[in-house]
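The chain contents come next:
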Amino acid sequence: MAAERSGAAGGFRLHRPGAEDPRPVRAVPPESGSPAVAEVLDDGALLDLSTDIAGNDVEEVLTRLDAELVGLANVKLRVGEIAALLLIDRARQRFGLLASRPTMHMSFTGGPGTGKTTVALRMAEMLHALGYIRKPKVHIVTRDDLVGQFIGHTAPKTKEALAKAAGGVLFIDEAYYLFRPENERDYGQEVIEILLQEMEGERASSVVIFAGYEDRMERFFSANPGLSSRVAHHLAFSDYTHDELLAIAEIMLGRDNFRFDDPARSAFGEYLELRMRRPRFSNARSVRNALDRCRLRQAKRLVELRRPLTKTDLITLTDRDVYGSSVFGATELPDGPTARAPD
Ligand SMILES: Nc1ncnc2c1ncn2[C@@H]1O[C@H](COP(=O)(O)OP(=O)(O)OP(=O)(O)O)[C@@H](O)[C@H]1O
Ligand SMILES: [Mg+2]
């Protein structure tokens, strides 16, 4: 039943030298924090990555990503690769090996509720831990935050958004709305041009993440090759399977000190089967909404019990709380019809 878990973010584990290994040097002296200010190592030195404090912070972020998020194996793998790239970049700096700063602008494509925003938050923490950005913050915007209504309004709006994101991550949700080829005077084009300048190589002070549905993003990037060529990492978020959605439900419930009893768990499995086929199904977001409504029904059921309640009563969601959903249509509850809230 439980969805398969990948290893800690694609198996990201730093080697920790044993007593038998030759004595390596610390990757970054703890007091300095940054490889750039530490003294340059001899050519023959051995570097112990596990002593880079950034490496430990990164391991923690990746372990949390793995524990909090069900599935997403390819995304976790990619996040682990990016972490490794930046960690090795820091190690290279310790030997005085100069190189251009790796580009970190990204695109996150996938359906609604597949974890794009959540992964962006973790990504910001990780990039910050590795010293790539100055603050672990994500500034989320959509077209309306960037495009002005009148001539001359767009540039200041976009620059204001960039200023808010400076030193962190600018997350542009449904980025393709910036591009409206049917209207050649659309101000979205102005935003794209400002972004192009901002994202230029070494000077970029923030990381830009473009997010949205896969097919529309593809069209957006093929119409704007300049943007596409500045995006180094494309992460694809797949829709969750039934088993993954069930596992996500259990994680969400556990976090809030609730649990399904056995009949409720299988009822929720049935619920998901039906809900997944209905319009506007939004993966983990739909799971969260469905659980909120289960809690509503549980509360009503408990109040109507008219008896003292146990801790177990308060924790447990039963199949009645699940079957009350409008997704089950005309299904009657064992003890008579119940008014159904819209799904
Ligand atoms: N794999 C997962 N495991 C556990 N919880 C998840 C997972 N994916 C998403 N969630 C949860 O589902 C909710 C929606 O996720 P999130 O907002 O990150 O999705 P999104 O892809 O940004 O959605 P949208 O496209 O609608 O903006 C959040 O509460 C998040 O914590
Ligand atoms: Mg989102």
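Residues numbered from 1 in each chain as written. Chains lettered and ligands numbered in written order. Predicted model: local features only at pLDDT ≥ 70, side-chain atom pairs only at ≥ 80, totals over all residues.

Let's talk about the overall build of the protein
- On a plain count of helices and strands, the protein comes out with 13 helices and nine strands.
- Looking at the protein as a whole, 36% of its 343 residues qualify as buried.
- Pairs at least 24 residues apart make up 75% of the contacts formed inside the protein by residues separated by at least 6 positions. (Helix = DSSP H or I, 4+ residues; strand = E, 2+ residues; numbered from the N terminus. Buried ≥ 20, exposed ≤ 12 C-beta atoms within 10 Å, placed from the backbone. Contact = placed C-beta atoms within 7 Å.)

Thoughts on helix H11 (residues 283–305)
- Taking 1.5 Å as the rise per residue, H11 with 23 residues should run 33 Å; its terminal C-alpha atoms sit 33 Å apart, in good agreement.
- If you follow the buried residues of H11, they end up packed against helix H9 (242–255), helix H10 (262–277), strand E9 (316–317) and helix H13 (319–323).
- Residue Arg306 follows H11 closely and has a positive phi angle near 50°. (Expected span 1.5 Å × (residues − 1).)

Some points on the site of ligand 1
- Neighbouring ligand 1 are 18 residues, the closest being Gly115, Lys116, Thr117, Thr118 and Ala284.
- Residue assignment for the shell around ligand 1 shows that the elements contributing at least two residues are helix H3 (116–129), H9 and H11.
- Counted by class, the shell around ligand 1 contains seven nonpolar, eight polar and three charged residues. (Near = placed C-beta within 6 Å. Nonpolar A, V, L, I, M, F, W, Y, C, P; charged D, E, K, R; others polar.)

Quick word on the nonpolar core
- Core analysis: the biggest nonpolar cluster contains 79 residues, and Ala83, Val169 and Ile209 have the highest contact counts within it.
- When residues of this core are assigned to their parent elements, the largest contribution, seven residues, is made by H3.
- Residues in contact with Ile209, not counting those within four places in the same chain, are Met106, Phe108, Ala120, Val169, Phe171 and Ile172. (Core = buried A, V, L, I, M, F, W, Y, C linked by C-beta atoms within 7 Å.)

A few points about unusual backbone geometry
- Even without glycine at this site, Asn257 takes up a positive phi of about 60°.
- Here Asn257 is to be found in the loop between H9 and strand E8 (259–260).
- For Arg306, which is not glycine, the phi torsion reads 50° and is therefore positive.
- With respect to the helices and strands, the residue Arg306 is situated in the loop between H11 and helix H12 (311–315).
- With 6 C-beta atoms packed within 10 Å, Arg306 lands in the exposed category.

Some details on the confidence of the model for the protein
- Per-residue confidence for the protein gives a mean pLDDT of 87, with 86% of residues at or over 70.
- Residue range residues 330–342 is modelled with pLDDT below 50. Its contacts to residues more than four positions away, or to other chains, number 11 contacts. (pLDDT = per-residue confidence, 0-100.)

Section: the packing of helix H1 (residues 53–68) against helix H2 (residues 73–94)
- Between H1 and H2, the least distance of the axes is 11 Å, while the angle of their chain directions is 180°. The orientation of H1 with respect to H2, classified from their angle, is roughly antiparallel. Residues Ala54, Gly55, Val58, Leu62, Leu65 and Asp66 of H1 pack against Lys76, Val79, Gly80, Ala83, Leu87 and Arg90 of H2.
- Its residues assigned to classes, the contact of H1 with H2 shows seven nonpolar, two polar and three charged. (Axes fitted to C-alpha atoms, helices over the stretch in contact; angles between N-to-C directions. Parallel < 35°, antiparallel > 145°, perpendicular 65-115°, else oblique.)

Considerations on the packing of H1 against H3
- Interaxial distance between H1 and H3 falls to 9 Å at its minimum, and their mutual angle equals 170°. Judged by the inter-axis angle, H1 sits roughly antiparallel to H3. For the pair H1 and H3, contact is made by Ala54, Asp57, Val58, Val61 and Leu65 and by Arg122, Glu125, Met126 and Ala129, respectively.
- The class makeup of the residues in the contact of H1 with H3 is six nonpolar, no polar and three charged.

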